[in-house]
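# Commentary on secondary and tertiary structure
As a plain string of letters, each chain reads:
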Amino acid sequence: MTLRFVATRLATLVVTVLASSLAIYGALFLTPGDPATLLVGGSRNPDPEVLERIHREYHLDDPFLEGYWHWLSGCLHGDFGKSLVYRDTVANLIGARAGDTLSLVTYASVLVLLAGTLIGTIAALRGGRIETLATTLTAGAMAVPTFIMSVLLIWVFAVQLPWFPVYGSGEGFTGTLSHLTLPALALAVTWTGYVAQVTRTAVRAEMRAEHVETARSRGVPEPTVIRRHVLHNASGPVFAVSGVGIAGLIATAAVAEQAFGTGGLGALMIEAASKQDMAVVQAVSLIFVVVFVVINTAVDLVSAALDPRTAQKQKGTR
């Protein structure tokens, strides 16, 4: 991994975030009428004094780029404005909900990494019917949307088998773990299938590699061959898809949060959108974009460090 590769990835991150933030801010001006009305929840008859104050506070009368810079610079300093619908600062609203989303995504990420890599590795090493069964089940899991899985889990584990609660995020470690189990499973199932499929393919490819056959011909014990030559060399693509999966969990967390009422950032964004509270929608959207892009950039850099051929391939495509 060269310094040029790192610099290119970081520059791409900055450009992507700037372009996304510009689109998020610009969406405020796409609807007909005064954009200030969206910031007060889309009221049909807003107070003219309130609208005037919002115009000053959000620099809506400034040229577009100047207003955008005021908004972006405020976001960079943690000032996302004020929600006139929730009667609180957007930063406080985000701070109160961020922990729930972080706990949910972390729980789901652990499930994806453990289950996906374990299923894929066992399927590749054992082969035969086990591989066929694992491939069929993971392919099916990849096709099930999160909202469908949420409904199925609620019906099975909350209605038929009342083992888990289905609303709220709980209190304390055990309470939180119990409340987040079903939403974490709903989030994790699809990406577990992806990770398992990629892991199986990567391990299978390494098992047929020349260096593995050479190690076996030299009498290296099979467990050592698997650990040092197969699993180590297969870790690159597995890590890459796992990182993309974690970023995907963040992007789809809103579905599970809304279905199970865990009250995270995704649920906050949906609630704010339904109330036309654009200050909150803009802030949460920007946070999701930044987190998604940062994770993908980190995955690219770590993947290139694990397998230098990744950087060379991407360099060759330009």
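Report follows, based on the coordinates.

### Side note on the side chain of E131
With respect to the element layout, E131 can be found in helix 6 (residues 128-142). Here E131 falls in the buried class, since its relative accessible area comes to 13%. Residues within four places of E131 in sequence aside, it is in contact with A123, R200 and R204.

### Concerning the side chain of T262
If you trace the backbone, T262 turns up in the loop between helix 10 (222-260) and helix 11 (265-274). Residue class for T262 comes out buried when judged on its relative accessible area of 3%. Setting aside anything within four residues of it in sequence, one finds T262 in contact with D100, L104, G168, S169, L180, P183 and E257.

### Let's talk about helix 5 (residues 90-126)
Taking 1.5 Å per residue, 37 residues should reach 54 Å; helix 5 reaches 52 Å between its end C-alpha atoms and fits that length. Along helix 5, the helix axis deviates most sharply at R97, where the bend reaches about 35°.

### Topic: unusual backbone geometry
Generally, phi is negative for residues other than glycine and the peptide bonds are trans, each holding for most cases. Look at R87: it is not a glycine, yet its phi comes out positive at around 55°. We classify R87 as exposed; its relative accessible area is 67%.

### Focus on the packing of helix 8 (residues 172-207) against helix 10
The interhelical angle for the contact between helix 8 and helix 10, taken along N-to-C directions, is 165°, at an axis separation of 8 Å. One finds that helix 8 runs roughly antiparallel with respect to helix 10. In this structure, helix 8 meets helix 10 at a crossing whose hand is right-handed. Split into classes, the residues belonging to the contact of helix 8 with helix 10 amount to 23 nonpolar, seven polar and one charged.

### Some details on the nonpolar core
Ranked by internal contacts, the top residues of the largest apolar core, which has 45 residues, are W71 and V284. Listed by contribution, the elements that provide at least two residues to this core are helix 1 (3-26), helix 3 (48-57), helix 4 (64-76), helix 5, helix 8, helix 10, helix 11 and helix 12 (278-306). In this structure W71 touches S21, I24, Y25, Q282 and L286, once residues within four positions along its chain are discounted.

Rules used in this analysis
- Residues numbered from 1 in each chain as written.
- Predicted model: local features only at pLDDT ≥ 70, side-chain atom pairs only at ≥ 80, totals over all residues.
- Heavy atoms only, no water.
- Helix = DSSP H or I, 4+ residues; strand = E, 2+ residues; numbered from the N terminus.
- Buried < 20%, exposed > 50% of the residue type's maximum accessible area, 1.4 Å probe, protein only.
- Contact = heavy atoms within 4.5 Å.
- Expected span 1.5 Å × (residues − 1).
- Bend = angle between axes of the 7 residues up to and from the residue.
- Axes fitted to C-alpha atoms, helices over the stretch in contact; angles between N-to-C directions.
- Parallel < 35°, antiparallel > 145°, perpendicular 65-115°, else oblique.
- Left-handed = near helix turned anticlockwise from the far one by under 90°.
- Nonpolar A, V, L, I, M, F, W, Y, C, P; charged D, E, K, R; others polar.
- Core = buried A, V, L, I, M, F, W, Y, C linked by side-chain atoms within 4.5 Å.

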